[in-house]
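Take a look at the letters that make up each chain.
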Amino acid sequence: ETLEVNLFRGESRDIGTPRVFGGQVLAQSIIAASRTVDEGTIHSLHAYFLRAGEASAPIVYDVDRNRDGRSFKSRRVVAIQHGRPIFTLAASFQLEQEGLTHQVEMPDVPMPEALSSEGNVPEDQIEQVPQLMRRWFTRTGPFDFRPVEKVDVFNPSPKPPHKNIWFRLSEKIEATDLMHRALMAYASDFHLVGTATLPHGVSIITDDLIMASLDHAMWFHRPVRVDDWLLYSCDSPSSSGGRGLARGLIFDRSGRLVASTMQEGMIRVRDR
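**Here we look at the packing of aromatic side chains**
- All chains considered together, the criterion is met by 10 aromatic pairs.
- With centroids separated by 5.2 Å and ring planes inclined at 55°, the aromatic side chains of Phe-49 and Phe-87 adopt a geometry described as tilted. Taken together, the positions of Phe-49 in strand E3 (residues 41–49) and Phe-87 in strand E6 (residues 84–94) put the pair 38 residues apart, joining distant regions of the chain.
- The exposure class of Phe-87 is buried, given its relative accessible area of 1%.
- Each member of the aromatic cluster is reached from another via a ring pair, and the members are Phe-21, Phe-143, Phe-145, Phe-167, Tyr-186, Phe-190 and Tyr-232.

**Concerning helix H4 (residues 177–188)**
- Helix length check: H4 (12 residues) gives 16 Å between terminal C-alpha atoms against 16 Å at 1.5 Å per residue, within 8%.
- Counted residue by residue, H4 has nine buried out of 12 residues, so it is predominantly covered.
- All of the buried residues along H4 are Leu-178, His-180, Arg-181, Ala-182, Met-184, Ala-185, Tyr-186, Ala-187 and Ser-188.

**Examining the environment of Ala-57**
- For Ala-57, the location among the structural elements is in the loop between E3 and strand E4 (59–68).
- On the basis of relative accessible area, Ala-57 is assigned to the buried category, the value being 10%.
- Residues Ala-57 and His-82, 25 residues apart in the sequence, show an inter-C-alpha distance of 8.3 Å.
- Ignoring any residue separated from it by four or fewer positions in sequence, one finds Ala-57 in contact with Ser-12, Gln-81 and His-82.

**Quick notes on the layout of surface pockets**
- In this structure, the second largest pocket encloses a volume near 770 Å³.
- Lining the second largest pocket are 22 residues, and of these Gln-94, Gln-97, Phe-220, His-221 and Arg-222 lie nearest its centre.
- When contributions to the lining of the second largest pocket are tallied by element, the ones reaching two or more residues are E3, H4 and strand E10 (215–220).
- In the lining of the second largest pocket, the residues fall into seven nonpolar, 10 polar and five charged.

Rules used throughout
- Residues numbered from 1 in each chain as written.
- Predicted model: local features only at pLDDT ≥ 70, side-chain atom pairs only at ≥ 80, totals over all residues.
- Heavy atoms only, no water.
- Phe/Tyr/Trp six-rings, centres within 6.5 Å; stacked < 30°, edge-to-face > 60°.
- Helix = DSSP H or I, 4+ residues; strand = E, 2+ residues; numbered from the N terminus.
- Buried < 20%, exposed > 50% of the residue type's maximum accessible area, 1.4 Å probe, protein only.
- Expected span 1.5 Å × (residues − 1).
- Contact = heavy atoms within 4.5 Å.
- 1 Å grid on protein atoms, 1.4 Å probe; cavity = no way out; pocket = protein on both sides within 12 Å on 5 of 7 lines; lining within 4 Å.
- Points joined across faces, edges and corners; volume = space filled by probe spheres on them.
- Nonpolar A, V, L, I, M, F, W, Y, C, P; charged D, E, K, R; others polar.

Structure below.
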């Protein structure tokens, strides 16, 4: 919602977490920044999560028009709640141009039709889930996630620090390329930093594990549709100092690399 020049307000959706989902603030910041750009589309962003957001209160987005060049435009967004910044975003927009083209190959994994959805926790196990987390595991969200490598959150074991997961919107939508990019950014906050926990055999169910996103970077390489299957291929090169780093490549089902991501998160296990 536009409040004033360079000033916008967004509503939050309760998805079963005690605070606003980071991907929501990320996506709304992209939309707010784009409302101040006449030509061009977002090609990169760098963001920091400063404070937890409250789902019951609106978020105000203040956009600073840093630079308007002939090919590139730069914007800075501050998300504000209760008078304090909870999130900052630096984004760059570019006019469409031709240039040199190459990309890495998509991993050789089963196609989504051969996989089952992430699904909810079985009824015989839901009683093991802490009360505050049950809504998260019993929610029905707008995205269908189909992991290639299954992870048992009730019986975790050390695994290599990489995973692949297919995702798409559950229904077709009529939307601009920018909206599809914003929705892909929303979905990219799922599953990414959790990759850094895989080698350690920890779980938010069986351990006193605390995770929170610290930052998020993303590069948009090609036009995308999030209502068709996308493969999120994630790996974690390092965890140390109570932080974990994860990287992600997003491919469409034809094998085109459409986006790349990086994220660092706080990872603490207080008592195993």
